[in-house]
Amino acid sequence: YCPDVCPTALSDMIVAIDDLGPLGARIQPIFITIDPARDTPDRLKTYVPKFHPRLVGLSGSLAQITAVAKAYRVYFAKSKGPTAVEDYLMDHSSIIFLMDPDGRYVIHFNHGTGPEKMAERLRELLS
């Protein structure tokens, strides 16, 4: 349901991974929703494949999503703007994290980091 930030970040992430060629196979792209009320597992099953066949979409209870957001220091909140109850926006951080195979933080990319710059940095880290 995110109109611009999430699709842009996902597209940039996928282009960067694809630009890596065979090295890109070493990265498992994951999208974690911050809006589990609307981004149900069934909804994510239709959304994430539009970006890449290997992209995994994760949802959960609000408590689970809140715990993940807290662990990664990600901000999210329902927008207080004048929208209908079911047609709301979510304010949120937009960060792409690279974690190692053991789940430890390696690096992050802020919103606006282009896929070329991402791929360049990822190539350095994976080589």
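Here, the structure is the one placed above.
Description of the structure in this document. (Residues numbered from 1 in each chain as written. Predicted model: local features only at pLDDT ≥ 70, side-chain atom pairs only at ≥ 80, totals over all residues. Heavy atoms only, no water.)

This part takes up the packing of helix H1 (residues 5-19) against helix H4 (residues 115-126). For the pair H1 and H4, the least separation of the axes is 8 Å and the interaxial angle reads 45°. With respect to H4, the axis of H1 lies oblique. Here H1 runs over H4; the crossing is right-handed. Where H1 approaches H4, its residues Asp12, Met13, Val15, Ala16 and Asp19 are matched on the opposing element by Pro115, Met118, Ala119, Leu122 and Arg123. The class makeup of the residues in the contact of H1 with H4 is 7 nonpolar, no polar and 3 charged. (Axes fitted to C-alpha atoms, helices over the stretch in contact; angles between N-to-C directions. Helix = DSSP H or I, 4+ residues; strand = E, 2+ residues; numbered from the N terminus. Parallel < 35°, antiparallel > 145°, perpendicular 65-115°, else oblique. Left-handed = near helix turned anticlockwise from the far one by under 90°. Contact = heavy atoms within 4.5 Å. Nonpolar A, V, L, I, M, F, W, Y, C, P; charged D, E, K, R; others polar.)

The next subject is H4. Between its first and last C-alpha atoms H4 spans 16 Å; for 12 residues at 1.5 Å apiece the expected length is 16 Å, and the two agree. All of the buried residues in H4 are Pro115, Met118, Ala119, Leu122 and Leu126. Each buried residue of H4 sits inside an arc of 95° when the element is viewed along its axis, so together they form one side. Opposite the buried face of H4, at more than 90 degrees from it, the exposed residues are Glu116 and Lys117. Tucked into the core, H4 has its buried residues touching H1, strand S5 (95-99) and strand S6 (105-110). (Expected span 1.5 Å × (residues − 1). Buried < 20%, exposed > 50% of the residue type's maximum accessible area, 1.4 Å probe, protein only. Arc of directions from axis to C-beta.)

Between its first and last C-alpha atoms H1 spans 21 Å; for 15 residues at 1.5 Å apiece the expected length is 21 Å, and the two agree. Within the span of H1, buried status applies to Cys6, Ala9, Leu10, Asp12, Met13, Ile14, Ala16 and Ile17. Buried-residue contacts for H1 involve strand S1 (30-32), helix H2 (41-47), strand S4 (90-92), S5 and H4. Note on H1: the residue one or two positions beyond its end, Gly21, has a positive phi of about 65°.

Of the volumes computed, that of the largest pocket is approximately 1000 Å³. Lining the largest pocket are 37 residues, with Met13, Ile30, Ile95, Ile96 and Phe97 sitting closest to its centre. Mapped by element, the contributors of at least two residues to the lining of the largest pocket are H1, S1, helix H3 (62-72), S5, S6 and H4. Sorting elements by how many residues they give to the lining of the largest pocket places H1 first, with 7 residues. Taken together, the residues of the lining of the largest pocket break down into 30 nonpolar, 5 polar and 2 charged. Here the second largest pocket is characterised by a volume of approximately 210 Å³. Forming the walls of the second largest pocket are 17 residues, and the residues nearest its centre are Tyr1, Cys2, Cys6, Met90 and His92. (1 Å grid on protein atoms, 1.4 Å probe; cavity = no way out; pocket = protein on both sides within 12 Å on 5 of 7 lines; lining within 4 Å. Points joined across faces, edges and corners; volume = space filled by probe spheres on them.)

Here we come to the side chain of Thr33. Structurally, Thr33 can be placed in the loop between S1 and H2. At 2.8 Å, the side chain of Thr33 forms a polar contact with the backbone nitrogen of Asp35. Other than its neighbours up to four places away in sequence, Thr33 contacts Asp39, Leu58, Ser59 and Ile65. (Polar contact = N/O pair within 3.5 Å; in protein donor to acceptor, adjacent residues only side chain to side chain.)

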